[in-house]
Every structure is written in C-alpha cells, then in structure tokens.
Amino acid sequence: MNATGRARLDRMAEWDALGKHRQELGEVSLRELFARDPGRAGRYVLRVGDLRVDFAKQLVTDETLRLLRDLAAATDVAGLRDAMFRGEKINVTEGRAVLHTALRAPADAVVEVDGENVVPAVHAVLDRMADFADRVRSGEWTGHTGRRIRAVVNLGIGGSDLGPAMAYEVLRPFSAREVDFRFVSNVDGADLHEALRGLDPAETLFIVASKTFTTIETITNATSARRWLLEGLGGDEAAVARHFVAVSTNAEKVAAFGIDTANMFEFWDWVGGRYSYDSAIGLSLMIAIGPLRFREMLDGFRLVDEHFRTAPPEENVPLLLGLLGVWYGGFFDAQSHAVLPYSHYLARFTAYLQQLDMESNGKRVDRQGRQVGWGTGPVVWGTPGTNGQHAYYQLLHQGTRLIPADLIGFARPVAELADDLAAQHDLLMANLFAQGQALAFGRTPDEVRAEGVADELVPHRTFPGSRPTTTILAPELSPSVLGQLVALYEHKVFVQGAVWDIDSFDQWGVELGKVLAKRVEPALTEGAEVPGLDPSTAGLVAAYRELRGR
Ligand code: F6P
C-alpha cells in the first residue's frame, strides 16, 4: 500500500491478471480474432456525442476489456475523476485543483474551490471576452489612430499557443476571413519577424497570452512587438493600450509590463496551461470564430465531460481509450502512439496533443515520489493522412515496432469547399479506411505468392498486419466536434495518469532547462564565466562564440 492507501500498480492482482492474459493471447492476430468473433465489428463501437469510436481493430477480446475495466476499478479511476470534477486538489505536487471542466460548466453549475463557487467568474470572463471579440470583429474597437483591426497576433508558448493556434487552424472555415490571425511562440526572433511581415502596426492587435506572465519567450516577444508597434506609430506610449491586451492569472506582472489590467482577461491557477485553450487563452480564437461558435465548442467539451463523468465503464469512451494505451504500454512494450487525422484542418492537432499527453504523463515517479516500475506516457506523434502515408507509414506497416494509432475522419468535407474539391473527400476517406484495413489484416505470404510475386520478394511484400487502430468518425468538423475531440483526449490522458498513479498536472521536467538557459546566456553574450559548466557544454559555448566572432 502507498500513502493514498493504494497498492503499487505492479503488485495488483488485476495487473497480474492482465499479464497472464497477455501471455495466453500470445502472437495475437486480428485475422484470427475476427474469424473467431465476426460480431466484434458491431460490438466494438462506442458513441459519444457526434463521435463514432470504432475499436474493433484493437488487439483485445471481451476478456481483455473486462480485465482492463477491473484494473480501472482497482486503481479507482472513477474516484479520482469525481475528485477532479469536485475541485479537490488532485495536482498533489502543486497543491492545486484541476478544473478545466469548470471552464465549460453551465452558468448554473456549482463547482467549489476552497469553498468558493468558481463558475460565476468563468462566465463573467467569457462574457467580457465575447464583448471584446464582438467589438474587434465589428470594427468598433479600433487601433490608436482610429483604424480598424485587421491582424491579431497571439504571443504565447506551450499551452498559451498550441491550443489557440491548433483550434484556429481547425476552425478556419468558420473564421472572420478578413482578419489575419498569426501565432508567435518561439524566442527565435525569426518567428516574430515572419509574423509581422506585411502587417500595419495601426491595424494590429497583440494578445499576450501567458498564465504566469513570466515565461521568457513570451515576455521577450511581447517586448519586441511593443517596440515594433511604437516605432510604427511614432512612439506614443498611449498606443499600447489600444494594441495590447493580456490573458493571464498574474495581474501584477501584466501591470508591470505596461498593459492596462482593464485590458486583461483572467483565468485561474486551477487551469493547467495545456488544458487552457477553452479559457481566456482562447481569446484569439474567439475573435476569429465569434462568441457563438466559441460557445458551441464549449458545448462540445461539456458533452464529453458529462459522458466521462456518468457513462458506465462499458460505454465510457475516454476510459476505454485510456485503458487501451495502458494495455499496449504495459503488455506490448509500445513506446509511442500515432494520431493520424484525415483532415487538412487538423494539421496541428497532434502537436497540440503532444503537450497535452507528454507534459501530463511524461513522469517517472508516482504520486508519492517513488520510481514507477511500469511504462508511463508514450511518445505521441503524427501528421495528417494522406501525407504521412507517403512518408512514415512504411514503418507502421512493416517495421519491427508496434505503434497503436488513432485514425480520425469526417463524413462530410467542410461546407466552404467548391464542388470539385469537395468531390476529393471520398478519396481521402477511402485512404483512411484502407490504411486501417491494411494495418489490421496485412497480406500473408500466400496471398503475395498468389499474385505471382517471385519467391525472393515474398518476405519484402508481406504485411504482417495486427497493427492496432481506433477509427474515430464524425459527421463533420464543427466547433462542437473539435471540443468533443479535445475533451476526449484530455480525459483519456487523465485515465492513464490515474492508472499509472502519476501526477498528470504538474510539469517539473521543463524547469531545469529554463534555469540553465538563463545561466548560459551571459556566457554567450558577454563571455561570462559560468560556474560549474561541464566541459562538453563549455566547448559548445566556446565554439559558438568563435563562430560569432566574439
Ligand atoms: O514550460 C512549460 C509551460 O509551463 C507549459 O506548461 C505552459 O503551457 C507554457 O510553459 C507557457 O506558460 P505560460 O502560459 O505561463 O507562459
């Protein structure tokens, strides 16, 4: 037992039972599983909101699913889930509640943190955001010289960038096309340089998005953007108030930066950065798609929240997806998980999920600080099909590693496409279905030979199959469906963290690099001595200075 009264995962009878079951399954083949149980095609489909989640091509049987649900019960996933929704401080290393679900709670809900209902504040900020977004969209909010805003530049990094940048790309067809939206994150000056090209300071609005308002990349970029603005507008400091707004939990730092706190949109320390784009961090998105669409997106989130909170384990989609990851990580030694959206608009979706998943579950100690004895979060990766098919799918099909994948697709193309382009949609989706089929069932040596392939080429042209996929199909890509998809992955990540007994809501692993960068910078610029610098890094610093002619 550990301090929370929970046995270590690898000492649980339920974990053991899964291990034995895995041994019994042996070289599990999807061809065989379907031959033995054709009904799985219909049975292994769950629905949540608009999402049809088909997991028939997973390396599982009814028995596997039962054992995985037993593990979820033994690790009390439901108990931790309920504690999260109630606002308990389940982020143990930071002593914080984890309440991104309160960001999409209905106005009459009650969610308390330290005895205070946070829902009224959430809705008050949403209303302020809506008012501001409407004013920018209508042209009522003007720049310092009275011109209307034609470009919005979000300055933020990590959760303060990836969420709004991803969602803007996804929902572009719903956006105000006459306004240019750009997202700057990297401290590499080239990022801001390229983003500002062609923009007119008189018509540009900057949103400085930073939960802490201390993140060096964002503050550096915001300082440079401020300089660009003032140079462009003749140096009148009063211009800043019309061209800079902030999104943060830190009013003091916002004021110290010179942004009027009247132009600050607030959120709270119980919203993790990677769980924040449905908070005020989504301001740029709300300006792009309008408050109504933004609220539709929140409705989509809420729908999946409610499902996760109330659906029985047999029907609970985030629970299932989380447990499948536990199965492959724990019993197939899978190291990575591919997310392969068959939609051009989801180009940045996997990058967003990388932070969500890897910053949450990339942990090596349990909630009590003891080294875990089981694999935790996978490497998450992927890009849209069909592009990936012509790049790295070779390894998915014939490589030596097992890589479970999610295939995501939509029945209808976005409404905006002209008829001839919309007609390409069937071909796109045919590729999605074909890939799932090829990965699952492959091609046997006999089948290859029967095609007349020369014997020596047969091994090269054989596809082993039994590469597991989940296919998520929705009617179309809408704001609500995006909210549903994001909430689905948020809760999947939650389930895995709960089973693995790790704190999915801190991110101490990003700290060391930040501290060292601060220490090394003066060595690069001024040649300052860095006490205790290791010889390898000292050599790199010296080489850099030499190349820079310093
Ligand atoms: O360094 C990691 C991190 O703290 C992320 O968790 C966060 O999303 C990002 O930096 C940005 O932080 P902030 O919003 O405070 O600028």
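Numbering of residues starts from 1 in every chain and runs along the sequence as written. Per-residue local features of the predicted model are confined to residues with pLDDT of at least 70, and side-chain atom pairs are confined, for both listing and counting, to 80 or more; whole-chain, interface and lining totals are unaffected and use all residues. Working from all heavy atoms in the structure, the side-chain values ignore hydrogens and water.

Here we look at the overall build of the chain
For the chain, the helix and strand inventory stands at 22 helices and 13 strands. A radius of gyration in this sense is built from C-alpha atoms; the matching globule rule multiplies 2.2 Å by the number of residues raised to 0.38. Over its C-alpha atoms the chain spans a radius of gyration of 25 Å, differing by no more than 12% from the 24 Å that the globule rule assigns to 550 residues. Judged by the C-alpha coordinates and their principal axes, the chain covers about 75 × 60 × 60 Å. Here the chain holds 550 residues, and the buried ones make up 52% of them. Note on conventions: DSSP H or I runs of at least 4 residues are helices, E runs of at least 2 residues are strands, and numbering of each starts at the N terminus. Three exposure classes are used, based on accessible area relative to the maximum for each residue type with a 1.4 Å probe and protein chains only: buried under 20%, partly exposed in between, and exposed over 50%.

Some points on the UniProt feature "active site" (unreviewed entry) in the chain
UniProt positions are given in the numbering used here, feature names are shortened, and annotations may be inferred rather than shown by experiment. Residues annotated by UniProt as "active site" (unreviewed entry) correspond here to Glu359, His390 and Lys514. Of the residues just listed, which span 156 residues, the most distant C-alpha pair is 36.9 Å apart, and they do not cluster in one region. Within the secondary structure, Glu359 is located in helix α14 (residues 349-361). The contact criterion used throughout is that any non-hydrogen atoms of two residues lie within 4.5 Å. Discounting chain neighbours no more than four positions away, the residues touching Glu359 are Arg274, Gln354, Asp506, Gln507 and Val510. Each polar contact in these results corresponds to two N or O atoms within 3.5 Å; when the atoms are within protein, one needs to be able to donate a hydrogen and the other to accept it, and residues that are neighboring in sequence are counted only if both atoms are side-chain atoms. Among the polar contacts listed, one links the side chain of Glu359 to the side chain of Arg274, at a separation of 2.9 Å. Relative to the assigned elements, His390 resides in the loop between β11 (379-381) and α15 (393-398).

Quick look at the pattern of salt bridges
A pair is scored as a salt bridge if a Lys or Arg side-chain nitrogen falls within 4 Å of a carboxyl oxygen belonging to Asp or Glu. Here the structure, examined in full by the defined rule, presents 40 salt bridges. Salt-bridge contacts for Arg135 lead to Glu140; the nearest nitrogen and oxygen are separated by 3.4 Å. According to the relative accessible area criterion, Arg135 is partly exposed, its value standing at 25%. The salt bridge involving Arg274 is made with Glu359; its shortest N-O contact spans 2.9 Å. Here Glu359 lies in helix α14 and Arg274 lies in the loop between β9 (264-266) and α12 (283-310), a separation of 85 residues in the sequence. Under the relative-accessibility criterion, Arg274 is labelled buried at 3%. According to the relative accessible area criterion, Glu359 is partly exposed, its value standing at 21%. What you see here is one network of salt bridges that share partners, running through Arg104, Asp278, Asp305 and Glu490.

Digging into the pairing of strand β6 (residues 180-184)
In the case of a regular strand, side chains alternate between the two sheet surfaces. For two strands to count as paired, DSSP must find a minimum of two bridges between them. Relative to β6, strand β5 (residues 151-155) is paired through five bridges, and the arrangement is parallel. If you follow Val152 over to β6, its bridge partner there is Phe181. With helix α7 (residues 162-170) bridging β5 and the parallel β6, this β-α-β connection has right-handed handedness. We call a crossover right-handed when, viewed with the strands running away from us, the connection from the first strand over the helix to the second turns clockwise.

Section: unusual backbone geometry
If a residue is not glycine, its phi is most likely negative; likewise, a peptide bond is most likely trans. Omega for the peptide link from Gly385 to Thr386 comes to 10°, which places this bond in the cis form. Even without glycine at this site, Asp114 takes up a positive phi of about 50°. Tracing the chain through its elements places Asp114 in the loop between β3 (112-113) and β4 (116-117). Owing to a relative accessible area of 65%, Asp114 belongs among the exposed residues under this scheme. Its identity as a non-glycine residue notwithstanding, Ser466 has a phi of 60°, on the positive side. Within the secondary structure layout, Ser466 lies in the loop between α19 (458-461) and β13 (469-474).

Here's the deal with the sheet that holds strand β10 (residues 336-341)
Pairing is mixed across the open sheet formed by six strands, whose spatial order is β1-β2-β13-β12-β10-β11. A strand with exactly one partner marks an edge of an open sheet, and here the two such strands are β1 (45-48) and β11. Taken over all neighbouring pairs, the strand axes of this sheet differ in orientation by 20° on average, direction set aside. In terms of strand pairing, β10 meets β11 through three bridges, oriented parallel. Note on β11: the bridge partner recorded for Ala338 is Trp381. For helices, the axis comes from a line fit to the C-alpha atoms of the stretch in contact; other axes are also lines fit to C-alpha atoms, and the angle between any two N-to-C directions lies between 0 and 180 degrees.

Some thoughts on the packing of helix α5 (residues 77-86) against helix α20 (residues 479-500)
Where α5 meets α20, the closest approach of the two axes is 9 Å, and the angle between their N-to-C directions is 125°. When the axis of α5 is compared with that of α20, the two are oblique. Both α5 and α20 take part in a crossing whose hand is right-handed. On α20, the residues that touch Val77, Leu80, Arg81, Met84 and Phe85 of α5 are His491, Phe494, Val495, Ala498 and Val499. Taken together, the residues of the contact of α5 with α20 sort by class into eight nonpolar, one polar and one charged. Relative orientations are named as follows: roughly parallel for angles under 35 degrees, roughly antiparallel for angles over 145 degrees, roughly perpendicular for angles from 65 to 115 degrees, and oblique for any other angle. Crossings are classed by handedness, with left-handed meaning an anticlockwise turn of the near helix from the far one by less than a right angle and right-handed meaning a clockwise turn. Charged residues are taken to be Asp, Glu, Lys and Arg, nonpolar residues to be Ala, Val, Leu, Ile, Met, Phe, Trp, Tyr, Cys and Pro, and polar residues to be all remaining types, Gly included.

Observations regarding the sheet that holds β6
The strand order across the open sheet formed by five strands is β6-β5-β7-β8-β9, and the pairing between neighbours is parallel. The open sheet has two free edges, formed respectively by β6 and β9, since each of these has just one partner strand. Between one strand axis and the next, the sheet turns by 20° as a mean value, whatever way the strands run. Bridge count for strand β7 (residues 204-209) against strand β8 (residues 244-248) is four bridges, and the pairing is parallel. Counterpart to Phe206 in the pairing with β8 is Phe244. The sheet contacts of helix α6 (residues 119-138) involve β7, β8 and β9, and relative to β9 the element is tilted by about 145°. Running at roughly 160° to β7, helix α9 (residues 216-232) makes contact with β5, β6, β7 and β8 of the sheet.

Considering α7
Most of α7 sits out of view: eight of its nine residues are buried. When we look at burial in α7, the residues that qualify are Leu162, Gly163, Pro164, Ala165, Met166, Ala167, Tyr168 and Val170.

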